[in-house]
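# Structure assessment
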Amino acid sequence: MRADVELDIGRKTFASGLLPELIAVLRHSRPGDLVALIGDDESVGPELETWCRFTENPLLETTIEDGRRRWIFRYGGIPAPAGDDRPVGSRLWLYTNFDCNLHCDYCCVRSSPNAPRRELGLARIQRIAREAATLGVKEIFVTGGEPFLLEDIAGILLACAAAAPTTVLTNGMLFAGRRTESLRALTRDRIVLQISLDSATPDLHDLHRGPGTWARTRQGIQFARAEGFRVRLAATVSTDTEAEEFRQFLDEERIAAEDRVIRRIALRGSASEGVAVSRADLVPEVTITADGVYWHPVGAEDADLLVTRDIFPLSESFAAVRRAFDREGEHANKLARIFNCA
Ligand code: SF4
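A few points on the structure.

Here is what the cut-offs are and how they apply
All chains use their own residue numbering, which begins from 1 and follows the written sequence. Residue-level local features of this predicted model are given only where pLDDT is at least 70; pairs of side-chain atoms are given and counted only at 80 or more, and the full residue set underlies all totals for whole chains, interfaces and linings. As a rule here, side-chain values come from all non-hydrogen atoms in the structure, and water together with hydrogens is ignored. In this text, helices come from DSSP runs of H or I with a minimum length of four residues, and strands from runs of E with a minimum of two, each type numbered from the N-terminal end. Between the two quantities, the radius of gyration covers C-alpha atoms and the globule rule is 2.2 Å times the number of residues to the power 0.38. The cut-offs for exposure are 20% and 50% of the maximum accessible area for each residue type, with area from a 1.4 Å probe on protein chains only; residues under the lower value are buried, those over the upper are exposed, and the others partly exposed. By definition in these notes, contact holds between two residues if any of their heavy atoms fall within 4.5 Å. Charged residues are defined narrowly, with Lys and Arg counted positive, Asp and Glu counted negative, and His plus the chain ends left uncounted. Each charge is placed at NZ for Lys, CZ for Arg, CG for Asp and CD for Glu. Here, proximity means that at least one heavy atom of the residue falls within 4 Å of the molecule or strand. Any residue outside Ala, Val, Leu, Ile, Met, Phe, Trp, Tyr, Cys, Pro, Asp, Glu, Lys and Arg is labelled polar, Gly included; the first ten of those are nonpolar and the last four are charged. Contacts described as polar in this section are N or O atom pairs within 3.5 Å, which, within protein, must combine one atom able to donate a hydrogen with one able to accept it, while residues neighboring in sequence count only if both atoms come from side chains. Salt bridges are identified by distance alone: a Lys or Arg side-chain nitrogen within 4 Å of an Asp or Glu carboxyl oxygen.

Along the protein chain, the regular secondary structure elements total 9 helices and 13 strands. In terms of overall size, the protein chain behaves like a compact globule, its C-alpha atoms giving a radius of gyration of 22 Å where 342 residues would be expected to give roughly 20 Å. With the principal axes as the frame, the protein chain shows a C-alpha extent of 65 × 45 × 40 Å. When burial is assessed residue by residue, the protein chain has 51% of its 342 residues classed as buried. Contacts in the protein chain between residues far apart in sequence, at least 24 positions, make up 70% of those at least 6 positions apart. Side chains of the protein chain carry 43 positive and 51 negative charges; the gap between the two charge centres is 4 Å.

Encoded structure:
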């Protein structure tokens, strides 16, 4: 991971003057900057992790390069978006597959036409949906990869919709041929399409997603609406200016507030820039892939967000996520007590 500031601390530790150096670095940094410490004493790691948690400058990555430790933390937290107070387990994400017809340069799970499919599969999804219905899941989000590459996507979505209202995330470019039949087979009242459109005009969207993709996605949006589906539009943007431009476009298109999603590029997967997010930044949203259960969909193949490899029974994997969330909370409380001076 690239950092904005690189600080070589040699063999320095918190016991031998590291703290003043950290404070000096932060004085010259802006919120959101990534700071890398390169050092030779591995004992710094646990102390740095404690300091990062206490000061809410999340530790994002620890690597070893040429025998030296490299720790990266971000200066400052990320404001929690509204709605992040929903109970853990009320929202369930399913990654049906990881292959995609596109190869977007910021894809948070590195999907592309060459990515192995790593399919969750209809049988497993049917079982997940059955068990989810008994666990208080209020909404299901189906994503990938591109879910409409799967021949049995209609069966998958109908199984999910039987358990809870379901939203499928798609690039909207595959509604043709037999895939039209997959779309037509879906229930309109329990299934919403969330289609990715990054900008009001082709330039930006095509820059990240490939030439001609904006026009084909617009066609897909029109087709889905004509078929009677509720369509949410979701943009992934780099800057506040891009977000504001897209908001104006949504106003002009008279898109309802509940059908708008605007999010920043996350520095995960294929992205080379974006907002660096750690587990501590994210309220967990149980996310299931063929490889296991993850903390959040934004890093659904990253080891730091893996909670358990065991999907079933679902009650157990949900409990594992809740336990991990409680541990995060306990850790924060313990730190608050340790640093309580009077
Ligand atoms: S961002 Fe979406 S459309 Fe783009 S490669 Fe990733 S999964 Fe496919």
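Attention shifts here to the site of the ligand. Inspection of the region around the ligand gives Cys100, Leu102, Cys104, Cys107, Ser111, Gly144, Gly145, Asn171 and Arg209 as its neighbouring residues. In terms of residue class, the shell around the ligand is made up of 4 nonpolar, 4 polar and 1 charged.

Here we take up unusual backbone geometry. Among all residues except glycine, the phi angle is most often negative; among peptide bonds, the trans geometry is most common. Geometrically, the link from Phe312 to Pro313 is a cis peptide bond, its omega value of -10 degrees lying close to zero. Its place among the elements puts Pro313 in the loop between β13 (306-308) and α9 (314-338). With a phi close to 50 degrees, Asp66 is a non-glycine residue in the positive phi region. Tracing the sequence through the fold places Asp66 in the loop between β3 (59-65) and β4 (68-74). Despite not being glycine, Arg118 has its phi angle at roughly 45 degrees, a positive value. Tracing the sequence through the fold places Arg118 in the loop between β5 (91-95) and α3 (122-133).

If you trace the backbone, Arg230 turns up in the loop between α7 (213-226) and β9 (231-237). Overall, Arg230 belongs to the partly exposed group, its relative accessible area being 38%. For the pair Arg230 and Arg184, spaced 46 residues apart in sequence, the C-alpha to C-alpha distance is 13 Å. Engagement of the side chain of Arg230 in a polar contact is seen with the side chain of Asp259, the distance being 2.7 Å.

This next bit is on the pattern of salt bridges. Side chains bearing opposite charge may pair, as long as their charged atoms lie close to each other. By the definition in use, this model includes 30 salt bridges. Where Glu181 meets Arg184, a salt bridge forms, and the shortest distance between an N and an O atom there is 3.7 Å. Here Arg184 and Glu181 lie together in helix α5 (residues 178-184), a separation of 3 residues that amounts to about one turn. The partly exposed category is assigned to Glu181, whose relative accessible area is 47%. Between Arg218 and Glu253 there is a salt bridge, with the nearest N and O atoms lying 3.4 Å from each other. Pair noted here: Arg218 is in helix α7 and Glu253 is in the loop between α8 (240-252) and β10 (260-264), with a separation of 35 residues, a long-range link. Judged by relative accessible area, which is 18%, Arg218 ranks as buried. The network of salt bridges with common partners includes Arg110, Arg118, Arg268, Asp291, Glu301, Asp302 and Asp304.

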